[in-house]
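What follows is the residue order along each chain.
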Amino acid sequence: MGVVNITPDSFSDGGEFFGTELAVAHARTLVAEGADLIDIGGESTRPGALPVSVDEELNRVMPVLEALAPLGVPVSVDTSKPEIMRAALASGADMINDIAGFRTPGALEAAAPSDAALCIMHMQGEPRTMQAAPHYDDVVTEVHAFLHARALAARELGVADDRIVIDPGFGFGKSFEHNLQLLHDLRKLAELGWPVLVGLSRKSMLGKITGRQSHERVHASVAAALLAVVNGARIVRVHDVRATRDALAVLEALRSADK
Ligand code: HH2
């Protein structure tokens with residue numbers, strides 16, 4: 001999954017692809033580099049980010065979604081707002097990626113009556129304050145229970161299992177140790193049975209390990225994506241598609257010798 005942030009303030013690429021033409025060109029590049037799926041988002045979720053209005057988010061996301069339709073690559077829309085979900089689904093979005101796990105009132109009801117996939121992500125707190133003092137008694141057990149409960153809630157509204165994707169939400173209300181524990185025990189989440197998506201690309205956890213700024217975290221991001229897939233992830237949300245693709249090709253070759 002290649003990331004296209006149509007925002008002026010995203011943590012790793014804020015402003016770089018702000019504006020419809022820049023965003024569409026970047027999406028095309030990511031597809032050419034081997035992305036199977038593009039995730040477009042009009043609101044930054046970085047710690048401390050300020051919310052964006054419905055109109056502003058629609059203005060950012062909808063023209064890009066419409067321009068990407070002829071490309072034939074599945075498009076995911078990263079939003080927590082039911083209004084954006086409805087508009088995106090009416091324009092053919094293939095996935096709704098909700099960092100709030102479809103907890104906003106009306107979100108599940110907006111996304112359920114469609115054929116699209118739902119990516120249910122775990123977050124403790126909300127972006128403005130989530131990194132202030134994240135606390136868990138047992139992060140893996142709590143994230144597991146949350147994802148299970150939200151997936152069952154989606155199922156109750158008629159969402160078939162093959163439309164559900166789950167995501168532990170690296171960096172969303174989690175300390176360095178929480179993130180590391182989740183990556184270590186990712187297999188436990190995969191055992192729930194729904195495909196696991198992870199977003200580790202360029203995140204601060206990798207900055208803490210390597211001491212590098214977000215743009216210099218490509219190698220660490222590729223390593224993290226590879227390890228996540230080894231630990232059971234099925235979809236990796238990344239900024240650096242070409243590098244990640246190459247690393248995953250090596251893993252695939254190794255796995256094909258495993259028979
Ligand atoms: N991470 C970010 C945004 N959306 N969605 C899912 N499902 N999983 C993630 O880990 C995830 C996500 C944050 O990264 P980015 O889009 O690069 O930055 P920003 O939120 O500042 O736009």
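Preceding block: the structure.
The structure displayed is predicted, hence computed values, not measured ones. (Residues numbered from 1 in each chain as written. Predicted model: local features only at pLDDT ≥ 70, side-chain atom pairs only at ≥ 80, totals over all residues. Heavy atoms only, no water.)

Draft legend 1. The side chain of arginine 217, seen in detail. Structurally, arginine 217 can be placed in the loop between α8 (204-210) and α9 (218-230). Buried and unpaired, arginine 217 has no salt bridge, with glutamate 216 as the nearest side chain of opposite charge at 7.1 Å. There is a polar contact of 2.7 Å between the side chain of arginine 217 and the backbone oxygen of arginine 212. (Helix = DSSP H or I, 4+ residues; strand = E, 2+ residues; numbered from the N terminus. Buried < 20%, exposed > 50% of the residue type's maximum accessible area, 1.4 Å probe, protein only. Lys, Arg positive; Asp, Glu negative; His and termini not counted. Salt bridge = Lys/Arg side-chain N within 4 Å of Asp/Glu carboxyl O. Polar contact = N/O pair within 3.5 Å; in protein donor to acceptor, adjacent residues only side chain to side chain.)

Draft legend 2. Looking closely at the pattern of salt bridges. Considering all chains together, one arrives at 10 salt bridges under this definition. Between aspartate 78 and arginine 237 there is a salt bridge, and its shortest N-O distance comes to 3.4 Å. With aspartate 78 in strand β3 (residues 75-78) and arginine 237 in the loop between β8 (235-236) and α10 (241-256), this pair connects stretches of sequence that are 159 residues apart. Between aspartate 240 and arginine 202 there is a salt bridge, with its nearest N and O atoms 2.9 Å apart. Of this pair, aspartate 240 sits in the loop between β8 and α10 while arginine 202 sits in the loop between β7 (197-198) and α8; the two residues are 38 residues apart in sequence, bridging distant segments of the chain. Under the relative-accessibility criterion, aspartate 240 is labelled buried at 14%. Counted as one network, the salt bridges with shared partners bring together Asp39, Asp78 and Arg237.

Draft legend 3. Geometry of the packing of aromatic side chains. For the coordinates displayed, the defined rule picks out zero aromatic pairs. Positioned above the aromatic ring of phenylalanine 176 is the side chain of lysine 208, whose terminal nitrogen or guanidinium carbon lies 5.3 Å from the ring centre. (Phe/Tyr/Trp six-rings, centres within 6.5 Å; stacked < 30°, edge-to-face > 60°. Lys NZ or Arg CZ within 6 Å of the ring centre and 35° of its normal.)

Draft legend 4. The sheet that holds β3, seen in detail. Ordered in space as β1-β2-β3-β4-β5-β6, the six strands form an open sheet in which the pairing is parallel. Looking at the sheet topology across the chains shown, the edges are occupied by β1 (2-5) and β6 (164-167). With strand direction ignored, the average angle separating the axes of adjacent strands in the sheet is 20°. Alignment of strand β2 (residues 38-41) against β3, held across four bridges, turns out to be parallel. From the neighbouring strand, aspartate 39 faces β3, where its bridge partner is serine 76. Across the sheet, helix α2 (residues 54-68) is in contact with β2 and β3; its angle to β2 comes to roughly 155°. (Pairing = 2+ DSSP bridges. Axes fitted to C-alpha atoms, helices over the stretch in contact; angles between N-to-C directions. Contact = heavy atoms within 4.5 Å.)

Draft legend 5. The nonpolar core, seen in detail. Within the largest apolar cluster, 66 residues are counted, with the highest numbers of intra-cluster contacts made by Ile38, Ile40, Val77, Phe102 and Val198. It is helix α5 (residues 139-156) that provides the largest number of residues to this core, a total of seven residues. Not counting residues within four places of it along the chain, the set of residues in contact with isoleucine 40 comprises Val4, Ile6, Val61, Val64, Leu65, Leu68, Val75, Ser76, Val77 and Asp78. With eight residues, the next largest nonpolar core counts Met1, Ala117, Val165 and Ile235 among its residues. (Core = buried A, V, L, I, M, F, W, Y, C linked by side-chain atoms within 4.5 Å.)

Draft legend 6. The arrangement of α9 in detail. Spanning 13 residues, α9 covers 18 Å between terminal C-alpha atoms, matching the ideal 18 Å at 1.5 Å per step. Residues of α9 that are buried: Ala220, Ser221, Val222, Ala224, Ala225, Ala228 and Val229. Along its buried surface, α9 packs onto α6 (176-184), α7 (186-190), β7, α8, β8 and α10. Looking one or two places after α9, you find glycine 232, whose phi comes out positive at around 115°. (Expected span 1.5 Å × (residues − 1).)

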